[in-house]
Amino acid sequence: MAYTCIKTDVNDHVALITLDRPEARNALNSTLIGELADAVARFDADDAVRVMVLTGDDKAFAAGADITEMREIGFVEAFKRNILMERWDAVARARKPTIAAVAGYALGGGCELAMMCDIIYCADSAKFGQPEINLGVLPALGGSQRLTHLVGKSKAMEMCLSGRFMLAEEAERSGLAARVFPAADLLDEVLKIAGKIAEKPPLAALAVKECVNRAYDSTLSEGLLFEKRMFHALFGTEDKREGMDAFVENRSAQFRGK
Ligand code: CAA
């Protein structure tokens, strides 16, 4: 599939997906959404890829769903066509680790896209927000839920009700972003971290992701049981033998994802 609204590149097991509609602050129109879903699903199934990084440009990660596409749509059509709701599972349910590198605006669906990723790193220029209320609607791609999990009820409620933006320092302090980097260094730093994660045993990385996500979707006792079972399951992998042999033999491990 030839892409027109995103760019992709793969280096050393890290896939970089760049949203590429700078003229519209990377607003998520249906073409971009379809391309993004296609690319993420393709990389998720590709053994050459171990980590995915999503990014935008220095002005915007993404300024939300494309308002010009939604403007003329009424309830019946929105409901019948299930607008905006399709295809996000590719990102939200990707099995491999996903990282959002956010500079500039991450608003509405843009903030929600970042929150679908496993880790958010942001530039000191980042501005996160759920301003949908200003358009007479509300966050539709998980914002009211994921933001609440990440920053707590009071801050999530304030952001969704007032539409105010959260800057980088507050995003890190509140747990929305894992770390802040100077804007000029963001992508290099994130690709370095992604490269480190890509060197880890891939099956253990998949298992870690499933375990951490379990903390959102289950009780503590079920999550702890799941974690134990995944720990034991990894004893069946060649990478576990390699990792432990390499430690004992004082050499670097070569993981093969087996
Ligand atoms: N949809 C469509 N076009 C958009 C857009 C969007 N979400 N955001 C920006 N653009 C377009 C602008 O219309 C403008 O186009 P023209 O040059 O043709 O006029 C271009 O991008 C540049 O935008 P600005 O001139 O406004 O740039 P700025 O730097 O001054 O401001 C901004 C940037 C603060 C992001 C501002 O554009 C803005 O507020 N955008 C809308 C943000 C928003 O409301 N997002 C929520 C969308 S609804 C949603 O996402 C629902 C959901 O939960 C899925």
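Keep in mind it's a predicted model, so treat the numbers as computed, not measured.

1. Thoughts on the packing of helix α5 (residues 109-116) against helix α6 (residues 143-151)
At step 1: Where α5 contacts α6, the axes come no closer than 10 Å and their chain directions differ by 55°. If you check the angle between α5 and α6, you find them oblique. The element α5 and its partner α6 pack so that their crossing is left-handed. Taking contact as the criterion, the partners of E112, M115 and M116 in α5 are, on α6, G143, R146, L147 and L150.
At step 2: By residue class, the composition of the contact of α5 with α6 is four nonpolar, one polar and two charged.

2. Considerations on the pairing of strand β3 (residues 51-55)
At step 1: With five of its five residues buried, β3 lies for the most part within the structure.
At step 2: Burial along β3 is two-sided: V51, V53 and T55 facing one way and M52 and L54 facing the other are all buried.
At step 3: For the segment spanning strand β2 (residues 14-19), helix α1 (residues 30-44) and β3, crossover handedness is right-handed.
At step 4: As defined by bridge partners, β3 adjoins strand β5 (residues 98-102) across four bridges and the pair is classed as parallel.

3. Structural notes on the sheet that holds β2
At step 1: Reading across from one edge, β1-β2-β3-β5-β7-β10 is the order of the six strands in this open sheet, with mixed pairing throughout. Each end of this open sheet is capped by a strand with a single partner; those strands are β1 (6-11) and β10 (179-181). The sheet shows a mean angle of 20° between the axes of neighbouring strands, direction not considered.
At step 2: Both β5 and strand β7 (residues 119-123) contribute to a ladder of four bridges, which runs parallel. Residue V102 lies in a different strand from β7, and its bridge partner there is C122.
At step 3: Against the sheet, α5 contacts β2, β3, β5 and β7, and its axis sits at roughly 140° relative to β5.

4. Details of the environment of K153
At step 1: Structurally, K153 can be placed in helix α7 (residues 153-162).
At step 2: Spatially, the C-alpha atom of K153 lies 29 Å from that of L186, the residues being 33 residues apart in sequence.

Thresholds, definitions, all that
Residues numbered from 1 in each chain as written. Predicted model: local features only at pLDDT ≥ 70, side-chain atom pairs only at ≥ 80, totals over all residues. Heavy atoms only, no water. Axes fitted to C-alpha atoms, helices over the stretch in contact; angles between N-to-C directions. Helix = DSSP H or I, 4+ residues; strand = E, 2+ residues; numbered from the N terminus. Parallel < 35°, antiparallel > 145°, perpendicular 65-115°, else oblique. Left-handed = near helix turned anticlockwise from the far one by under 90°. Contact = heavy atoms within 4.5 Å. Nonpolar A, V, L, I, M, F, W, Y, C, P; charged D, E, K, R; others polar. Buried < 20%, exposed > 50% of the residue type's maximum accessible area, 1.4 Å probe, protein only. Right-handed = clockwise from strand over helix to strand, strands pointing away. Pairing = 2+ DSSP bridges.

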